[in-house]
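Listed here are the chains, written in short residue letters.
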Amino acid sequence: MHFKAFVLDLDGVVYRGRTLLPGVEEKIAKLRRRGRVLFVTNNSTKTRAEYAEKLSSLGVEVREDEIITSAYAAALYIAEHYPRAGVYVIGEAGLRKELEWRGISVRESDCGVVVVGLDRRFTYEKLAIAQNHLLRGAELLATNRDPTLVTERGPIPGAGSIVAAVERASGRRAKLVGKPSKIMGELILRHLGAEPQDALLIGDRLDTDIAMGKALGMRTALVLTGATKREEVERSRIKPDYVLDRL
Ligand SMILES: [Mg+2]
């Protein structure tokens, strides 16, 4: 199979926390010689520029326009659909910056949108503020529903765990902007530079990465260096085309 484009997840595929996974540098260089490489992450904690910097510092040269994040997807979506709304953010600096760069007013009061991403300083107070906006009719967006995040030390709670708390408190269901949503799918296709059937999506999660690739009509490869174990692939309804020990 000759692919013309490769869509790579980051956490659990390229690195875990701050540690590059073994052999990744050479593998990405090889993929680059064969076609376009696009990095797509549901992690909203950094801006695209910061991801480019992080990857470069780990030895993988990547340009900002080769990276799509759920924070970037959320910012584009809000700028298009709620350009004048105040936005309450549960999330980290990366998400805030992506929103502010597009002229979106990030604030605490009078908010028409609540957006939830990974926030390692999440508190009861933030949950209460979000609930209040939502009970008054604000829209609820989630950067992703990943229950966990893979680090060097094992899994930590992901944005999905926080989204669940906000949904529970407000009785609302969040609109998803990250993988495997249609919003993220359209963004990937816009950046791909190839037909989806000529692309391979490589990820470590069945319900986000592999589901996204399948929804877009791409071939999919699951790597076992992240969130998913081989036994889980057998039990899942979502079947990747390939299962690989690592990238
Ligand atoms: Mg991942």
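Relevant structure appears above.
Residues numbered from 1 in each chain as written. Predicted model: local features only at pLDDT ≥ 70, side-chain atom pairs only at ≥ 80, totals over all residues.

*Asks:* What should I look at first to understand unusual backbone geometry in this one?
*Replies:* What you tend to see is this: most non-glycine residues have negative phi, and most peptide bonds are trans. In the segment running from Lys 179 into Pro 180, the intervening peptide bond is cis, with an omega of 5 degrees. Along the chain, Pro 180 falls in the loop between strand S12 (175-176) and helix H7 (182-192). With a phi angle near 55 degrees, Asp 110 is a residue other than glycine that sits in the positive phi range. Mapped onto the secondary structure, Asp 110 falls in the loop between strand S7 (105-106) and strand S8 (113-116). (Helix = DSSP H or I, 4+ residues; strand = E, 2+ residues; numbered from the N terminus.)

*Asks:* How should I be thinking about the nonpolar core in this particular structure?
*Replies:* Soluble globular proteins: nonpolar side chains tend toward being buried together. If you look at the biggest cluster of nonpolar residues, it comprises 72 residues, and the most contacted ones within it are Val 7 and Val 116. No other element matches helix H3 (residues 70-81), which puts six residues into this core. Counting only domains with at least three residues in this core, you end up with domain 1 (5-69 + 179-244) and domain 2 (83-176). Residues contacting Val 116, with those up to four places away along its chain left out, are Ile 90, Gly 91, Ala 142, Thr 143, Ala 159, Ile 162, Val 163, Val 166 and Ala 174. (Core = buried A, V, L, I, M, F, W, Y, C linked by C-beta atoms within 7 Å. Buried ≥ 20, exposed ≤ 12 C-beta atoms within 10 Å, placed from the backbone. Domains from an automatic or database assignment. Contact = placed C-beta atoms within 7 Å.)

*Asks:* Hey, could you run me through the packing of H3 against helix H4 (residues 93-101) in this one?
*Replies:* In the contact formed by H3 and H4, the axes pass within 8 Å of each other and the chain directions differ by 30 degrees. In this view, H3 runs roughly parallel relative to H4, as classed from their interaxial angle. Remark: the crossing between H3 and H4 carries right-handed chirality. Residues Ala 71, Tyr 72, Ala 74, Ala 75 and Ile 78 of H3 form the contact with H4, whose participating residues are Gly 94, Leu 95, Glu 98 and Leu 99. Partitioning the contact of H3 with H4 into residue classes produces seven nonpolar, one polar and one charged. (Axes fitted to C-alpha atoms, helices over the stretch in contact; angles between N-to-C directions. Parallel < 35°, antiparallel > 145°, perpendicular 65-115°, else oblique. Left-handed = near helix turned anticlockwise from the far one by under 90°. Nonpolar A, V, L, I, M, F, W, Y, C, P; charged D, E, K, R; others polar.)

*Asks:* So what exactly am I meant to see when it comes to the sheet that holds strand S4 (residues 36-41) here?
*Replies:* The strands making up a sheet are joined through hydrogen bonds of the backbone, oriented either antiparallel or parallel. The strand order S5-S4-S1-S13-S14-S15 describes an open sheet built from six strands, whose pairing is parallel. On the outer flanks of this sheet lie strand S5 (67-69) and strand S15 (242-244), each paired with one strand and no other. In this sheet, neighbouring strand axes are inclined to one another by 20 degrees on average, regardless of whether the strands run parallel or antiparallel. By the bridge criterion, three bridges tie strand S14 (residues 219-223) to S15 in an arrangement that is parallel. Following the sheet pairing, Ala 221 is matched in S15 by Tyr 242. (Pairing = 2+ DSSP bridges.)

So, to be careful, I would describe these as geometric facts and stop short of saying anything about function.
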